[in-house]
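Descriptive structure summary
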Amino acid sequence: MVLFYGCIVTNGKGVSRRNVLKVAGASVATAAGSGLAAANPDDRVEVNIGFDSERGRQAALNQADETVREFDSIDVLTLRLPKQAATALENRGDVRYVEENGTMHALAQTLPWGIDRVDAEIAHANGDTGAGADIAIVDSGIDADHPDLQANLGEGEAFTKCRGGQCNESWDDDNDHGTHCAGTAGAVDNAEGVVGVSTQATLHAVKVLDKRGSGSFSDIAAGIEYVADQGWDVANLSLGASSGSQAIEDACAYADDRGVLLVGAAGGSGPCSDGCVGYPAAYSEVVAVSATDESDTLASFSSRGPEIELAAPGADLRTVSSGDGCDALSGTSYAAAHVSGVGALLAGEGYTNTDARVRMRDTATDIGLPSDEQGYGLVDAAAALGVGSSDE
Amino acid sequence: MTLRSSVTATVETDRVEFEFEVENDGDAPEEITFRSGLSADFAVLEDGTEVWRASDGQMFTQALRTETIDSGAVERFSEVWDDPDSGDYTVVATLNATGDDAEARTDFSV
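Before going into details, it helps to say that this report is about the structure given with it. Since we're looking at a predicted model, the values are computed, not measured.

**A closer look at the overall build of chain B**
From N to C terminus, chain B includes zero helices and 10 strands. Of the regular secondary structure in chain B, the N- to C-terminal order runs β-β-β-β-β-β-β-β-β-β. Relative to its full complement of 110 residues, chain B shows a buried share of 42%. In chain B, once contacts between residues fewer than 6 apart in sequence are set aside, the share between residues at least 24 apart is 69%.

As structure tokens, this is what we get:
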């Protein structure tokens, strides 16, 4: 949503900043575009000019390089003109105000296409939010300060060092990848940023990947073991390699036994003909997730193979960024995070890891891809929870 | 793609340092899309058999990352092979990217 917004400059005769904000709407907003004070005298500026009389109107029009808009009913013009001319007009008695014309971006919450595609919003409307469930983001950490995640953040544990100025916690995210996965799986349903697949599940940061986005087999295995020992419901494993690790496989078997639903990214080695699902996704204890795009085809980079169990959105997605904005992202990492979110919704309804896994398979939407691309199909949150969905 | 790549191997007493350079010798910026958290990999071969790989023992984020190399600019990736046995080797450096797979190799002896 873009609203017009004016940065009021000097003239004390006109509306106040507060009034302009009120006109623009009640939502909290940030303004883009600088005030007139920032411009050089010869710079051309676009301004809204409020006038008192025909004389003031003519004076303004005479200075304009370009007339952007003449309002029909209110005494306002939108003009482009040199800054020094705008400043001169401000001093006229028949000009009420000169304000820079800018855009205003309301901090409205966005429903990313991936969340919509897996029908998570239908589950939310039914009251299924993942409340009471625990998702471990076994990754590069989670941004501890992110406004769209903070209410859902649980505990954190670091098996590798966070490096840099943003490391407020040992498990803080110095790469951004873990934060993006956390946002996809479980961003807060609020008035800003995006909404996640689950909205009230607790997100635990288990930092096993470093600033560069890599982690040792041992650190990753230790992270998975830790998740099992905490008794958490879901472990999101948006990480991988083309060859596996006995230690990680042992950790996955242990976690699976202890009731953890393990969800893994199939990998970005596509296109491949003979199957190229990476590890740990390829282990039988892990739900291997391929990535689809907005037209329900396999994303070009996505790995495929007989181990694929579910497909989920993973191309050109929006989710929380480590700053306050939103980025478009691609990867089987994010496809896995969608499935982890659905797993949390089911865990919140009392499903065990085994039951949740079977339920997601049984209710997946057949999108017509070969089984080595979609597995049982595209994960469907609403169908998994037994909530009717109208847009299969 | 107008990317040109080369790799060097510098043999020290207890290690070998590899540097993989990818140069954009075209007139326009080139975008590289990395397949994962792994940007470039190095494999050491002895008589055609792989004896060491830089990415062994690690896993990586599974999201695409893009980087732009400006015209004339060089992107460098480096790795270290610790405590090698003496012998004659070839190092093969590859870019872990979609599209054109930049690859370079060079022989060295320890």
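**Things to note about the sheet that holds strand E8 (residues 153-158) of chain A**
Residues and elements named next belong to chain A. The sheet built from seven strands is open, its strands ordered E8-E9-E7-E11-E13-E14-E15 with parallel pairing. Of all strands in the sheet, those bounded by a partner on one side alone are E8 and strand E15 (308-313). Each neighbouring strand pair of the sheet contributes to a mean axis angle of 25 degrees, computed without reference to strand direction. The pairing of E8 with strand E9 (residues 202-207) spans four bridges and is classified as parallel. Residue pairing in the sheet places Leu 153 in a bridge with Leu 203 of E9. Packing of helix H7 (residues 217-230) onto the sheet brings it into contact with strand E7 (134-139), E8, E9, strand E11 (234-237) and strand E13 (261-265), and relative to E9 it is tilted by some 145 degrees.

**Let's talk about the packing of helix H6 (residues 177-186) of chain A against helix H9 (residues 332-348) of chain A**
Residues and elements named next belong to chain A. The N-to-C vectors of H6 and H9 enclose an angle of 40 degrees; their axes lie 7 Å apart at closest approach. Viewed along their axes, H6 and H9 adopt a mutual orientation that is oblique. As H6 packs across H9, the resulting crossing turns out to be right-handed. Residue-level inspection shows His 177, His 180, Cys 181, Thr 184 and Ala 185 of H6 in contact with H9, the latter providing Ser 333, Tyr 334, Ala 337, His 338 and Gly 341.

The rules behind these values
- Residues numbered from 1 in each chain as written.
- Chains lettered and ligands numbered in written order.
- Predicted model: local features only at pLDDT ≥ 70, side-chain atom pairs only at ≥ 80, totals over all residues.
- Heavy atoms only, no water.
- Helix = DSSP H or I, 4+ residues; strand = E, 2+ residues; numbered from the N terminus.
- Buried < 20%, exposed > 50% of the residue type's maximum accessible area, 1.4 Å probe, protein only.
- Contact = heavy atoms within 4.5 Å.
- Pairing = 2+ DSSP bridges.
- Axes fitted to C-alpha atoms, helices over the stretch in contact; angles between N-to-C directions.
- Parallel < 35°, antiparallel > 145°, perpendicular 65-115°, else oblique.
- Left-handed = near helix turned anticlockwise from the far one by under 90°.

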